[in-house]
Amino acid sequence: MHHPLVAAHVYLGTINAPDFARLGGYCEMSLDNSGYPLEIGNDPHGNQVYTLGLGRLIDVGSRAIHDFVRILGIEEGELLLQEIRIPGELDIWAASKASWLPGGMGSRINRLISNYVLTREFPLIQRQVSALTRHVTRLRKEMNPCSMAPGA
Amino acid sequence: MKIIYHCFGGSHSSVTAAAIHLGLLSTDRLPTAEELMKVPYFDKTPGEIYGVIRYMGQTQDGHQVYVLGKKNLGRRMNRIFIGLAELLGMEREIVVTNTMPYVNILMMLGGYLSRRWGLTFPGRAILIWGTRLAFPALADLVRQTRLKTIPGGGENEDYPSGDHGGASPPGCGPRVSGHN
């Protein structure tokens, strides 16, 4: 749970600077490996925000998820899937593999490298979140044109 | 109901299981090489098809059967699908089955030679030998999967009842999920 978690909190307005230590689930490999979506919170419009870890095979997993949602007949207005990609994500993945090292060393390595990469790429994450926010706003307008009209 | 069999390449064990489920392969005897090669997608899947869920057919009960090659996503794939289905309140409409535990070394070797190296001559012979060895176990897996399509017949693998940290009741409006 690394950059999607950060992106989710940026989207929700929980953080606006690289301050990751207080994010619940940050660098928690058990959550990352579980495969279950992790609920982060609700945005001001009542949309529920989740994160999901796919490990190294992001393209394969992403394609499978999109296909899965398609065969279930779910439209974008019900479930919006957003990939969060950053340079250095493989470094983060590699660092996460060190988490098995004993004495807390693995966890420290994981956090050290994750903090470095995510701090460096924080502006990119913010840009991706901004694009996502605009997309969500567009979807809301399409789904509720009357409520979005001026003066309504 | 949607039934998804998944394995590494989506070309051998998952396809065989799906074929058994659809009745394309009889379970009262081992299939011949010709019968296996007639199964759609069996040892015919190109590498770039990873992650694509392909439709295999529909059962007499109206359940739709799919296959998927997920590379090394492993058991996580089951949990991802089940978790998403739970978010959408559709967890009773899908059954996902990982066929990887039933893949033997011959299937791995034969599949690798055939798909990765294009050596279909020794590859397919080894693959078919391995698939015939694994066939009874795959047939049993399909029997278990069929039970899950019956109401009260069982739950998806990796779908323990109760809280597992992810799902919440459906909300109003789009749900947004960021994933890496």
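Residues numbered from 1 in each chain as written. Chains lettered and ligands numbered in written order. Predicted model: local features only at pLDDT ≥ 70, side-chain atom pairs only at ≥ 80, totals over all residues. Heavy atoms only, no water.

K.L.:
Got a minute to help me understand the sheet that holds strand β3 (residues 64-69) of chain B in this structure?
P.N.:
To summarise the sheet geometry, strands pair through backbone hydrogen bonds and adopt either a parallel or an antiparallel arrangement. Residue and element names in this part refer to chain B. Spatially, four strands are ordered β2-β3-β1-β4 in an open sheet, and the strand pairing comes out mixed. Across the chains shown, the open sheet's two edge strands, defined by having one partner strand only, are β2 (53-58) and β4 (94-98). With direction set aside, neighbouring strand axes in the sheet form an average angle of 25°. As paired strands, strand β1 (residues 2-7) and β4 are joined by five bridges and run parallel to one another. Looking at the pairing, I3 lines up with V95 of β4. In the packing of helix α1 (residues 13-21) onto the sheet, the strands contacted are β1, β2 and β3, and the crossing angle to β1 comes to about 150°. (Pairing = 2+ DSSP bridges. Helix = DSSP H or I, 4+ residues; strand = E, 2+ residues; numbered from the N terminus. Axes fitted to C-alpha atoms, helices over the stretch in contact; angles between N-to-C directions. Contact = heavy atoms within 4.5 Å.)

K.L.:
So what exactly am I meant to see when it comes to the pairing of β2(B) here?
P.N.:
Two faces make up the sheet, and in a regular strand the side chains alternate between them. With five bridges connecting them, β2(B) and β3(B) associate as antiparallel partners. Its bridge partner being in β3(B), B:I53 is matched across the sheet by B:L68.

K.L.:
Is there a simple way to think about the packing of helix α4 (residues 89-96) of chain A against helix α5 (residues 105-120) of chain A in this case?
P.N.:
Angle between the axes and distance between the axes are the two parameters that describe a pair of packed helices. Residue and element names in this part refer to chain A. Contact geometry of α4 with α5 gives a least axis separation of 8 Å together with a crossing angle of 170°. Judged on the interaxial angle alone, α5 and α4 are roughly antiparallel. Packed against α4, whose contacting residues are D91, I92, A95 and S96, the element α5 presents I109, N110, I113, S114, V117 and L118 at the interface. When grouped by side-chain class, the residues that make up the contact of α4 with α5 number six nonpolar, three polar and one charged. (Parallel < 35°, antiparallel > 145°, perpendicular 65-115°, else oblique. Nonpolar A, V, L, I, M, F, W, Y, C, P; charged D, E, K, R; others polar.)

K.L.:
What is the right way to read the confidence of the model for chain B from this model?
P.N.:
Note: predicted coordinates in regions of low pLDDT should not be interpreted at a detailed level. Residues and elements named next belong to chain B. The predicted model of chain B averages 85 in pLDDT, with 84% of residues at 70 or higher. Put simply, strand β5 (residues 175-179) is where chain B has its lowest mean pLDDT, 43, and α1 is where it has its highest, 97. Predicted confidence for residues 159-180 stays below pLDDT 50, and this span has 79 contacts to residues more than four positions away or in other chains. Scored as a whole, the predicted complex attains pTM 0.84, and scored at its interfaces, ipTM 0.82. (pLDDT = per-residue confidence, 0-100.)

K.L.:
Help me understand the environment of A:L52 in this model?
P.N.:
When you line up the elements, A:L52 lands in strand β2 (residues 48-52). A sequence separation of 48 residues divides A:L52 from A:P4, and the C-alpha atoms of the two residues are 7.3 Å apart.

K.L.:
Is there a simple way to explain the packing of aromatic side chains in this structure?
P.N.:
Note on aromatic pairs: each is described by the distance of the centres and the angle between the planes. Following the criterion strictly, the structure yields five aromatic pairs over all chains and no others. For the ring pair A:F68 and B:F81, a centre distance of 4.3 Å and an interplane angle of 20° mean the geometry is stacked. Here A:F68 is found in helix α3 (residues 58-71), whereas its partner B:F81 is found in helix α3 (residues 76-87) on a different chain. For A:F68, a relative accessible area of 0% translates into the label buried. Residue B:F81 is classed as buried on the basis of its relative accessible area of 0%. With centroids separated by 6.0 Å and ring planes inclined at 80°, the aromatic side chains of B:F8 and B:Y50 adopt a geometry described as edge-to-face. Separated by 42 residues along the polypeptide, B:F8 in the loop between β1 and α1 and B:Y50 in the loop between α2 (33-38) and β2 bring together distant segments of the chain. Of the residues examined, B:F8 reaches a relative accessible area of 31% and is grouped as partly exposed. Linked through ring pairs, A:F20, A:Y26 and A:F122 together constitute an aromatic cluster. Above the plane of the ring of A:W93 lies A:R56, whose end atom (NZ or CZ) is 5.1 Å from the centre. The ring of B:Y41 has B:R54 lying over it, and the distance from NZ or CZ to the ring centre is 4.7 Å. (Phe/Tyr/Trp six-rings, centres within 6.5 Å; stacked < 30°, edge-to-face > 60°. Buried < 20%, exposed > 50% of the residue type's maximum accessible area, 1.4 Å probe, protein only. Lys NZ or Arg CZ within 6 Å of the ring centre and 35° of its normal.)

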